[in-house]
Amino acid sequence: MQAVGQCSVCASRAAGGLLRNPTDLSLLRTNKNGVRRGAACIRFISSRKPGVQKLGERTDTEHISKAPFSVGRGLYAIPFTQQMEHLSHDSLIRRAASVVTDSSSTFLSQTSLALINALTDYSKAVHTRIAVQRRYLASLGKLTPAEKDSFLEVINGQRAEASDRLHECKRIESTWINAVNLCKMAAEAAHTSGAEQASITVRTNIQVAQSQVGEARKLSADAEKKLAETKVEEIQRMAEYAASLDNNEEHEVHEAYLRED
């Protein structure tokens, strides 16, 4: 503390008081030790960095570090608080209802697309089975045992694939029905809360989804109808083929009997 005080006195004298008094100036010139000490003090003072703390000083760093955060919180908190004050409960409920209708519509859209694709794949599998089975029926009596086994293997494979596709359709259809019901409830909730536009939008989405899924169902129903017709043809063709074999056997037996006679 004494060293700092001497430095302060020397600096003040060197800066002002000694220059104004010729007597002090002459004394300063004769006192070389005082001049050296004053110069050293001035260099010490001028060379100090802003971040160095003097003895006896109190730096309120905690206050400085917290000040920007307090200002930042104020900048963000004030507009948010003002915005919340302008929103009523009814307004917040309408916004929430709109969010529910949007999410339920997305759920319905994804399940509808999955169901349409599943129904399309099932229809293709059924048509492929029909084509292979009709080729087999048309070739009865003309196939070798190896060709017959190859046809039957392909037919069984197509039958299994069609069955798997149908199971997939039923699984996705259950989820799709839940999505439709969810959208209906969301539309009703939006209507009662006053979000009329959101209610109309989700009801329109339900109609579009039901229409598109209905078209895919119609295609699969047509494929199943053709498959049923093919099964009837198969029964008739197999009966005709068996009858032709019996006639050939009877004809061969009759010829053998005549040769014996």
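Worth saying up front: this structure is predicted, and the values here are computed from it rather than measured.

### Let's talk about the overall build of the protein
- Within the protein, the secondary structure is distributed over seven helices and zero strands.
- Listing each helix as α and each strand as β along the protein from the N terminus yields α-α-α-α-α-α-α.
- The proportion of buried residues among the 261 residues of the protein is 22%.
- Of the contacts formed within the protein by residues at least 6 apart in sequence, a portion of 79% connects residues at least 24 apart.
- As displayed, the protein has an accessible area near 18700 Å², and 57% of this comes from carbon and sulfur atoms.

### Observations concerning the packing of helix 5 (residues 89-138) against helix 6 (residues 145-193)
- Two elements in contact, helix 5 and helix 6, have axes whose closest approach is 7 Å; the angle formed by their N-to-C orientations is 160 degrees. In terms of orientation, helix 5 and helix 6 fall into the roughly antiparallel class. Both helix 5 and helix 6 take part in a crossing whose hand is left-handed.
- By residue class, the composition of the contact of helix 5 with helix 6 is 29 nonpolar, ten polar and ten charged.

### A few points about the environment of N178
- Position of N178 among the secondary structure elements: in helix 6.
- Exposure remark for N178: the relative accessible area of 47% places this residue in the partly exposed category.
- Along the chain, N178 and F107 lie 71 residues apart, while their C-alpha atoms are 9.6 Å from each other.

### A short note on the nonpolar core
- Grouped together as the largest cluster of nonpolar side chains are 24 residues, with contacts concentrated most on L108, L115, V126 and W176.
- Residue assignment for this core shows that the elements contributing at least two residues are helix 5, helix 6 and helix 7 (196-260).
- The greatest single-element share of this core, amounting to nine residues, is contributed by helix 5.
- Beyond its immediate sequence surroundings of up to four residues, V126 is in contact with A162, A223, E224 and L227.
- In this structure, V132, L137, F151 and I155 belong to the second largest nonpolar core, which totals six residues.

### Topic: the environment of E224
- Among the secondary structure elements, E224 is positioned in helix 7.
- On the accessibility criterion, E224 (36% relative accessible area) is partly exposed.
- Residues E224 and I130, 94 residues apart in the sequence, show an inter-C-alpha distance of 9.6 Å.

### With respect to the pattern of salt bridges
- Inspection of every chain in the model, using the stated rule, returns six salt bridges.
- The partner of E168 in a salt bridge is R171, and the shortest N-O contact between them spans 2.6 Å. One end of the pair, E168, and the other, R171, are both in helix 6, three residues apart, so they sit about a helical turn from each other.
- Put simply, D121, E161 and R165 are held in one network by salt bridges that share partners.

### Quick notes on a nonpolar patch on the surface
- A cluster of nonpolar residues, F107, L182 and M185, forms a patch on the protein surface that exposes about 270 Å² of accessible area.
- Following the sequence through the fold, F107 ends up in helix 5.

### Re the confidence of the model for the protein
- Across the protein, pLDDT averages 74, with 61% of residues at or above 70.
- Confidence drops under pLDDT 50 across residues 49-82; counting only partners more than four residues distant or on other chains, this segment forms six contacts.
- Below pLDDT 50 for its whole length, residues 250-261 participates in zero contacts with residues either more than four positions away or in separate chains.

### Thoughts on the side chain of T230
- Relative to the assigned elements, T230 resides in helix 7.
- On the basis of relative accessibility, which here comes to 0%, the residue T230 falls in the buried class.
- Setting aside chain neighbours within four positions, we find T230 in contact with I130, Q133, R134 and L137.

Conventions we followed
- Residues numbered from 1 in each chain as written.
- Predicted model: local features only at pLDDT ≥ 70, side-chain atom pairs only at ≥ 80, totals over all residues.
- Heavy atoms only, no water.
- Helix = DSSP H or I, 4+ residues; strand = E, 2+ residues; numbered from the N terminus.
- Buried < 20%, exposed > 50% of the residue type's maximum accessible area, 1.4 Å probe, protein only.
- Contact = heavy atoms within 4.5 Å.
- Areas by Shrake-Rupley, 256 points an atom, 1.4 Å probe, with all protein chains shown as cover.
- Axes fitted to C-alpha atoms, helices over the stretch in contact; angles between N-to-C directions.
- Parallel < 35°, antiparallel > 145°, perpendicular 65-115°, else oblique.
- Left-handed = near helix turned anticlockwise from the far one by under 90°.
- Nonpolar A, V, L, I, M, F, W, Y, C, P; charged D, E, K, R; others polar.
- Core = buried A, V, L, I, M, F, W, Y, C linked by side-chain atoms within 4.5 Å.
- Salt bridge = Lys/Arg side-chain N within 4 Å of Asp/Glu carboxyl O.
- Patch = residues over 30% accessible without salt bridge, like charges linked within 9 Å, V, L, I, M, F, W, Y side chains within 5 Å.
- pLDDT = per-residue confidence, 0-100.

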